[in-house]
Amino acid sequence: MRLPAVPRPLMRALVRYGVRPVLSAGVPAGFQRRWLDVMTAPTPLPPGVRVTRDRLAGRPVERLTPPGADPGRAVLYLHGGGFTVGSPASHRALAAHLADAAGATAYVLDYRLAPEHPYPAALDDTTAAYRELLERGYAADRIAIAGDSAGGWLTLSAGIRLRDAATPLPALLVLISPVVDLAPTETRDDSADPMLQNTWIRSCVTSFAPGRDVRSPELSPVYADLAGLPPLWVHVGSDEILYPDSVRIVEAARAAGVRADLRRLDGLWHVAHAHAGLLPEATAAVAELGGHIRQATVPHTTRSSA
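Parameters at a glance
- Within every chain, residues take consecutive numbers counted from 1 along the sequence as written.
- In keeping with the model being predicted, local features are shown solely for residues with a pLDDT of at least 70 and side-chain atom pairs are shown and tallied solely at 80 or more, while totals for entire chains, interfaces and linings include all residues.
- Processing note: side-chain calculations cover all non-hydrogen atoms of the structure and skip hydrogens and water entirely.
- Helical segments are the DSSP runs of H or I of at least four residues, strand segments are the runs of E of at least two, and each set is numbered from the N terminus.
- Each residue is placed in one exposure class: buried if its accessible area under a 1.4 Å probe, protein chains only, is under 20% of its type's maximum, exposed if it is over 50%, and partly exposed if it falls in between.
- Whether two residues touch is decided by their heavy atoms; if any such pair falls within 4.5 Å, the residues are in contact.
- Pairing between two strands requires that DSSP report at least two bridges joining them.

Draft legend 1. Summary view of unusual backbone geometry. In this structure, the amide linkage connecting Ala114 to the following residue, Pro115, adopts the cis form with an omega of 0 degrees. Here Tyr119 and Pro120 are connected by a cis peptide whose omega angle stands at 10 degrees. You can see Pro120 is positioned in the loop between β4 (105-109) and α4 (121-135). With a phi close to 50 degrees, Ala57 is a non-glycine residue in the positive phi region. The topology assignment puts Ala57 in the loop between β1 (50-56) and β2 (59-65). A residue is classified by how much of its surface remains accessible, and Ala57, at 36% relative accessible area, is partly exposed. Of note in the backbone geometry, Ala166 takes a positive phi value of approximately 60 degrees without being a glycine. Note on Ala166: relative accessible area 68%, which makes it exposed.

Structure follows, in structure tokens:
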């Protein structure tokens, strides 16, 4: 049964009063993880998407296969959650709608979380999972890596690490409300953000990278050398405190000669894309990103004949 569309003001209120108080520095991570899975469970998947369990490089993944998906096209999806919460279950709907629009199979990685597994565990899991997709026969130029929030950090950091290792790079990096600076200098007053609080962000960074220099290019990719990366597609809500950082990463990428496109979603908040299937604006935003993935991962033979 398909649920009715949720008006933006109602969804905004549900996020502000149902999610924001739980994503707080004083709430145990275990409770946050369970709550996020509960809150996202009603979000519908597109019709016919097949959900199966798999493993990549030893880590669990959910493999989401839409009807008619191109068997040669894949999306490695990295969920958000401040490096401390989130799961394939909490981001199943977002990834499923993205896969459906892209005509691809999505692999939603259950990477290791902090504080139990601090940096670089999650990044190690990400690059290992990508390499296994290559070993399974996916061509690099038919893979996109996509992620939201902390998953956006993983997407960008994985691109940098793979480039430095001379590993064949994916066709596209998709960043949704990405974290790009673990010591942000341009955060806004968080009172207008329906979801994120500065105190929670700081606690997540402490859990993820204890005792490390978070201003280093290794941990804050906005300061890294971005030359040679695949094209970036960045979506960010106008009402989130991370909006300025999305502008900064796009400017930095362009300065390094990388194609980077920024889409500001007016009136939306941090990773509003997670409501795809319920919130029409979110469904449309995810469909747009899926279209970019579909276009970027067209087989070479099709491109030459077009």
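Read on, since the account is not over.
Draft legend 2. Spotlight on the environment of Pro88. Within the fold, Pro88 resides in the loop between β3 (74-78) and α3 (92-102). Excluding anything up to four places from it in sequence, Pro88 contacts Glu62, His79, Val108, Leu109 and Asp110.

Draft legend 3. Representation of the pairing of β3. Counting buried positions along β3 gives 5 out of 5 residues, so the element sits mostly inside the fold. Neither face of β3 is exposed, since Ala74, Leu76 and Leu78 on one face and Val75 and Tyr77 on the opposite face are all buried. Relative to β4, β3 runs parallel, the two sharing 4 bridges. Bridge pairing in β4 places Tyr77 opposite Val108. Where β3 meets strand β5 (residues 143-148), 5 bridges bridge the pair, whose relative direction is parallel. Considered in β5, the bridge of Tyr77 is made with Ala146.

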